[in-house]
Amino acid sequence: MAAKGLALLGVLCTLVHALSGEEGRASDSRAVRAKLTRRHFAHLQPDIDEWNRLGKPTKAVFQQNATADAEGLLVAVPQNSPSLFGTDYAANIKYYVYNRAQPGGVVVDLDAAALLAAGFNRTLRTTVVIHGYGHDITDKLYDNVARALLDVGAATNVLAVDWGTLCPKPFYLSARSRVAAVGGRVADLLGLLVDADLARLADVHLVGHSLGAHVAGVAGRRHKVARITGLDPAQPLFTQSSSDLLTASSADLVDVVHTCVGSLGFRQPLGHVDFYPNRGRLSQPGCSFAADKLTLGECGGGTTPCSDAVL
């Protein structure tokens, strides 16, 4: 009986030792991931510190639908953000061509032959549209801008950049950290257009909303285009010294429409010409909001520039 008891005790000791080892390895893994995460976001630390110093909100609640909300931490370092490390930008950024033959847009490879096969016309000007945080190719921005240009018969190709898988809610900090890299990919698109003799930079107009406005700014600093239009450029975790901030140096003409100043939209002028409809403040006609939290704002009819969310 005593022997059986000792044997059982030995088994239990072995089990406890094994579990302790697993727990230790899991703890080590978490510590390594936390270290890598902090390193991944280190370049944003000055902007995070300034955001906190100014006493800006650190949480956001984005209304996903009529019944569900998703809370996002604007400045907290995420531990489970999708594809945080080793992001494959080439695989996660898609490009679309809109024209009268393809009014709903068709996805294309970053390749001259693919663009031409989709109906890209090298004799026309080119408009490139870039969405913002929490959006993707299904955003009204694309349908409205493309449809408006096609309906009025504007002599322009319309290209769309979809980086939605890299900027999902509620991971704002992850999306913010990717602005420069996504801007680099848009710059690659511009380089392709020029190198393949598909377009001249003097005939290119970039249109970006929210974080997409800063993406356009990054691309324009590598390949200076004729014009960039920033629609309510994002403010959270951007300062005047941010290296990936939209500025007047990004294009021959930078025009900015501010519609959510002091909340999610940048308050200070950023371009050669800055417009502040209704003084740039909330609420804008056609946009819904909750004054006590951040909530997704949809624009009635899609005709009014509207921020992703408001404070």
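Residues numbered from 1 in each chain as written. Predicted model: local features only at pLDDT ≥ 70, side-chain atom pairs only at ≥ 80, totals over all residues. Heavy atoms only, no water.

Visitor: How should I be thinking about unusual backbone geometry in this particular structure?
Guide: It is generally the case that most residues other than glycine have a negative phi and that most peptide bonds are trans. One non-glycine residue, Asp232, lies in the positive phi region at around 50 degrees. Residue position: Asp232 is located in the loop between strand 8 (225–231) and strand 9 (251–257). Take Asp232: its relative accessible area is 3%, and that puts it in the buried class. Of note, Leu237 is a non-glycine position whose phi angle comes to about 70 degrees, a positive value. Position of Leu237 relative to the elements: it lies in the loop between strand 8 and strand 9. (Helix = DSSP H or I, 4+ residues; strand = E, 2+ residues; numbered from the N terminus. Buried < 20%, exposed > 50% of the residue type's maximum accessible area, 1.4 Å probe, protein only.)

Visitor: Sorry, what's going on with the packing of aromatic side chains here?
Guide: The geometry of an aromatic ring pair is captured by two quantities: the separation of the ring centres and the angle between the planes. Inspection of the entire model under this criterion finds one aromatic pair. An angle of 90 degrees between the planes, with centres 5.0 Å apart, marks the rings of Tyr133 and Tyr172 as edge-to-face. Taken as a pair, Tyr133 in the loop between strand 5 (125–130) and helix 5 (140–151) and Tyr172 in helix 6 (residues 172–177) lie far apart in primary sequence, 39 residues in all. Note on accessibility: Tyr133 and Tyr172 belong to one class, buried. Positioned over the ring face of Tyr133 is Lys169, at 5.3 Å from the centre of the ring. Seen from the ring of Phe238, Arg176 lies directly overhead, with NZ or CZ sitting 3.7 Å from the centre. (Phe/Tyr/Trp six-rings, centres within 6.5 Å; stacked < 30°, edge-to-face > 60°. Lys NZ or Arg CZ within 6 Å of the ring centre and 35° of its normal.)

Visitor: How should empty space enclosed by the protein be read in this particular structure?
Guide: If you roll a probe as big as a water molecule over the atoms, it shows you where there is empty space left. Under the defined criterion, the tally for this structure stands at two cavities of 30 Å³ or more. By volume, the second largest cavity amounts to about 30 Å³. What lines the second largest cavity is simply Tyr95, Val108, Asp109, Leu110, Asp111, Leu115, Leu159, Leu189 and Leu192. The class makeup of the residues in the lining of the second largest cavity is seven nonpolar, no polar and two charged. (1 Å grid on protein atoms, 1.4 Å probe; cavity = no way out; pocket = protein on both sides within 12 Å on 5 of 7 lines; lining within 4 Å. Points joined across faces, edges and corners; volume = space filled by probe spheres on them. Nonpolar A, V, L, I, M, F, W, Y, C, P; charged D, E, K, R; others polar.)

Visitor: Please explain the confidence of the model for the protein as it appears in this structure.
Guide: Segments scoring low in pLDDT should not have their predicted coordinates read at a detailed level. With 71% of its residues at a pLDDT of at least 70, the protein reaches an overall mean of 80. Long-range and interchain partners of residues 290–311, a stretch whose pLDDT sits below 50, account for 77 contacts in this model, where long-range means more than four residues apart. (pLDDT = per-residue confidence, 0-100. Contact = heavy atoms within 4.5 Å.)

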